[in-house]
Number of protein chains: 2
Amino acid sequence: MTKLAIYGYGNLGKGVESASLQSPDMELVGIFTRRDPTEIKSISGAPVYSASDISSFKGKIDVLIICGGSATDLPGMTPTLAKDFNVIDSFDTHANIPQHFATVDAAAKSGGTLALISSGWDPGLFSVNRLYASSILPEGGYYTFWGRGVSQGHSDAIRRIDGVVDARQYTIPIDAALDAVRSGSMPNLTTRQKHLRECFVVAKEGADLASIEEQIKTMPNYFADYDTTVHFITAEEMKRDHSELPHGGFVIHTGKTGFNKEHNHVIEYNLKLDSNPEFTGSVLVAYARAINKMAERGQTGCVTVFDVAPADLSPLGREEIIKTLL
Amino acid sequence: MTKLAIYGYGNLGKGVESASLQSPDMELVGIFTRRDPTEIKSISGAPVYSASDISSFKGKIDVLIICGGSATDLPGMTPTLAKDFNVIDSFDTHANIPQHFATVDAAAKSGGTLALISSGWDPGLFSVNRLYASSILPEGGYYTFWGRGVSQGHSDAIRRIDGVVDARQYTIPIDAALDAVRSGSMPNLTTRQKHLRECFVVAKEGADLASIEEQIKTMPNYFADYDTTVHFITAEEMKRDHSELPHGGFVIHTGKTGFNKEHNHVIEYNLKLDSNPEFTGSVLVAYARAINKMAERGQTGCVTVFDVAPADLSPLGREEIIKTLL
């Protein structure tokens, strides 16, 4: 049994909790929260503890899955916790990954622990697919598309506009761009050609809707470079139609082979996810299994999904995976 | 530089040869053939040697890629060569993989070498995707579809029919089955519901076409369980329209998450390949890179694609892959 614990009990923490119930080789020993643990009851019945008590669990947890945010939580949290525990996070601020890797690596090496950063599906499964494909077909290139799915960052950006009560933003890949990529022509695609942004907004009564729509569509970085549509809906419609967190996307790599590069190949990986946090949680649990095996073999320091051999993700033994999956 | 050699110079050997030219970190030191080497000129200009001289190259080859057939070549060839060389093969007789693994493992351990068996795309990349997906979404299942592509085994079976001069058989996945799988309903699909078989046949002049068609459609194991169409064409049409070896396929895994299994997820991996042997060759070259790295770290015995960490497939260093692909 792998003794698992969850640090941070938001959407992702609950996704890890529910995923852990699907793996008979996993035991969820506790959930750690920065809120008052006496006011929180876990869905699975797993005990809830205060995050401040975590150090007393040293030696009692095989892998700690850290479910904090990349912006402000993980840069401090992961290295601190890596001193005492084997840890996994889903740090996803791409530009800062090398820096995060370095601090976590130093902490884990000093603690004699093993840490996996930036797990999930992007970074994570998508990264692995980019690596496989570009290693196999070097004379080519890959494209990543996201959606259809809810972008929390873009939804939050809309909510900060004056007069907005609630908002949900969907990122939508454009079919024509997907088809152009699959053709192997390796098109140069602008930001606008790859994705659409569709926004559902609940406005305050009497708010200036035209102004809100204009502010969304012209918002730099978030919306200005995209074709954006804005729908004003009621709070009831928001609750009824937009309370889920679906997501997904595509990694499509095309490349040429042959002595005259006369043959085209398309490698496509795609995900259609009803629940982004539950799927991400499922990925984290599979990688927790791998980290536990790798730590038991004596490995320490920081690793990424690139360093994890597929076999370590499986609860099945070598003979079984060769027989049933190879 | 990784010193690569090819053992067996048919379609797959040429695919490996052309793939090796795309990797600046690979040096093709030689091609070994069981035919008379003086009568064979390699396409790349790499030297061609007699297979019987292979043992004199011990110590001069980092990884030997064995491009023989699974039915009669590889069961003897791979263990024999594994005593002296790090080797890779693409053994694909699924039912016999455990036995092949055991004999190759014993040979490689006795020789202090590292061997990878059953590499390619199925077994190979498809196996890896089945493993990732079923480890992440255990409450679910995967389906594998092949095609549209040429099945050499089925083409050969048709050629053995009296009155047949040449034949090409395409395996075609059925769209309705793909859609049913993607829906997450986990349908029970019969053999007939998953794939069609389309045959192009050149018959001898005066042959009984109706009888040939009947013999194909009722052939046990190969065609009897499928909806099969047969087209009689001329030798010129065969050469013009069917001289390529395209292939591909789909691994689609669906699974449920959530405390009440209320969310569906679809993980799909698909390949569309203009040239099956060139793509398979490209996969083998990437895995040769990995086997060389793993052997340099001291690993011996037999491994499969499940044991190879993605990072080892790449010519790029750790910092580079973290920066560009994670």
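Keep in mind the model is a prediction, meaning the values are calculated, not measured.

Scoring rules and cut-offs
Residues numbered from 1 in each chain as written. Chains lettered and ligands numbered in written order. Predicted model: local features only at pLDDT ≥ 70, side-chain atom pairs only at ≥ 80, totals over all residues. Heavy atoms only, no water. Helix = DSSP H or I, 4+ residues; strand = E, 2+ residues; numbered from the N terminus. Buried < 20%, exposed > 50% of the residue type's maximum accessible area, 1.4 Å probe, protein only. Contact = heavy atoms within 4.5 Å. Buried area = accessible area lost by both parts, 1.4 Å probe. Salt bridge = Lys/Arg side-chain N within 4 Å of Asp/Glu carboxyl O. Polar contact = N/O pair within 3.5 Å; in protein donor to acceptor, adjacent residues only side chain to side chain. Nonpolar A, V, L, I, M, F, W, Y, C, P; charged D, E, K, R; others polar. Pairing = 2+ DSSP bridges. Domains from an automatic or database assignment. Axes fitted to C-alpha atoms, helices over the stretch in contact; angles between N-to-C directions. Parallel < 35°, antiparallel > 145°, perpendicular 65-115°, else oblique.

### Concerning the environment of Ile 31 of chain A
Residues and elements named next belong to chain A. One can find Ile 31 in strand E2 (residues 26-33). Judged by relative accessible area, which is 0%, Ile 31 ranks as buried. C-alpha separation for the pair Ile 31 and Lys 41, spaced 10 residues apart in sequence, amounts to 9.9 Å. Not counting chain neighbours up to four residues away, the residues in contact with Ile 31 comprise Ile 6, Tyr 9, Glu 17, Ser 42, Ala 46, Pro 47, Val 48 and Tyr 49.

### A closer look at unusual backbone geometry
All names here are of chain A. Here the residue pair Asp 122 and Pro 123 is connected by a cis peptide bond, since its omega of 5° sits within 30 degrees of zero. Residue Arg 148 follows Gly 147 across a cis peptide bond; omega there is -5°. Positive phi values are uncommon outside glycine, yet Asn 221 reaches one of about 65°.

### Section: the interface of chain B and chain A
Residue-level contacts link 72 residues of chain B with 72 residues of chain A. Buried surface at the junction of chain B and chain A, both sides included, amounts to about 6200 Å², of which 64% is carbon and sulfur. Interface area lost by chain B to chain A is led by Gln 22, Phe 259 and Leu 326 of chain B, which between them contribute 14%. On the surface where chain B and chain A come into contact, there are two salt bridges. One salt bridge in this structure joins Asp 307 of chain B and Arg 318 of chain A, with 3.0 Å as the shortest N-O distance. There are 28 residue pairs in polar contact (both at pLDDT 80 or more) connecting chain B and chain A. When residues of the side of chain B that touches chain A are traced back to their parent elements, those giving at least two are helix H1 (11-20), helix H3 (97-111), helix H4 (125-136), strand E12 (247-257), strand E13 (263-273), helix H10 (276-296), strand E14 (301-303) and helix H11 (318-324) of chain B. No other element matches the 11 residues that E13 of chain B contributes to the side of chain B that touches chain A. Across the side of chain B that touches chain A, the residue classes break down as 36 nonpolar, 21 polar and 15 charged. As judged from the nine bridges shared by strand E13 (residues 263-273) of chain A and E13 of chain B, these two strands associate in the antiparallel manner. If you follow Lys 272 of chain A over to E13 of chain B, its bridge partner there is Val 266 of chain B.

### Structural notes on the domain arrangement of chain A
Residues and elements named next belong to chain A. Split into domains, chain A comes out as domain 1 (2-120 + 277-325) and domain 2 (125-275). Here the C-alpha centroids of domain 1 and domain 2 sit 28 Å apart. At the interface, 11 residues of domain 1 touch 11 residues of domain 2. Carbon and sulfur atoms supply 68% of the area that domain 1 and domain 2 bury against each other, a total of about 860 Å² over both sides. Together, Pro 277, Phe 279 and Phe 306 form the three largest contributors to the area buried by domain 1 at its contact with domain 2, with a combined 53%. Viewed at the interface, domain 2 and domain 1 are joined by zero salt bridges. Connecting domain 1 to domain 2 are three residue pairs in polar contact (both at pLDDT 80 or more). Take the side of domain 1 that touches domain 2: its biggest share by element is five residues, from helix H10 (residues 276-296).

### Points about the sheet that holds strand E8 (residues 149-150) of chain B
Residues and elements named next belong to chain B. One open sheet accounts for four strands, arranged E8-E9-E10-E11; its pairing is mixed. The open sheet has two edge strands, E8 and strand E11 (227-232), and neither has a second partner. Inspection of the sheet shows strand E10 (residues 195-203) paired to E11 by six bridges, in the parallel sense. Paired with Phe 200 across the bridge in E11 is His 231.

### Regarding the packing of helix H4 (residues 125-136) of chain A against H10 of chain B
Each pair of packed helices can be summarised by the angle the axes make with each other and by the distance between the axes. Between H4 of chain A and H10 of chain B, the shortest axis-to-axis distance is 8 Å and the interhelical angle comes to 110°. Looking at the two axes, H4 of chain A sits roughly perpendicular to H10 of chain B. Together, Tyr 132, Ser 135 and Ile 136 of chain A of H4 of chain A and Phe 279, Ser 282, Val 283, Ala 286, Tyr 287 and Arg 289 of chain B of H10 of chain B make up the contact between the two elements. In the contact of H4 of chain A with H10 of chain B, the residues fall into six nonpolar, two polar and one charged.

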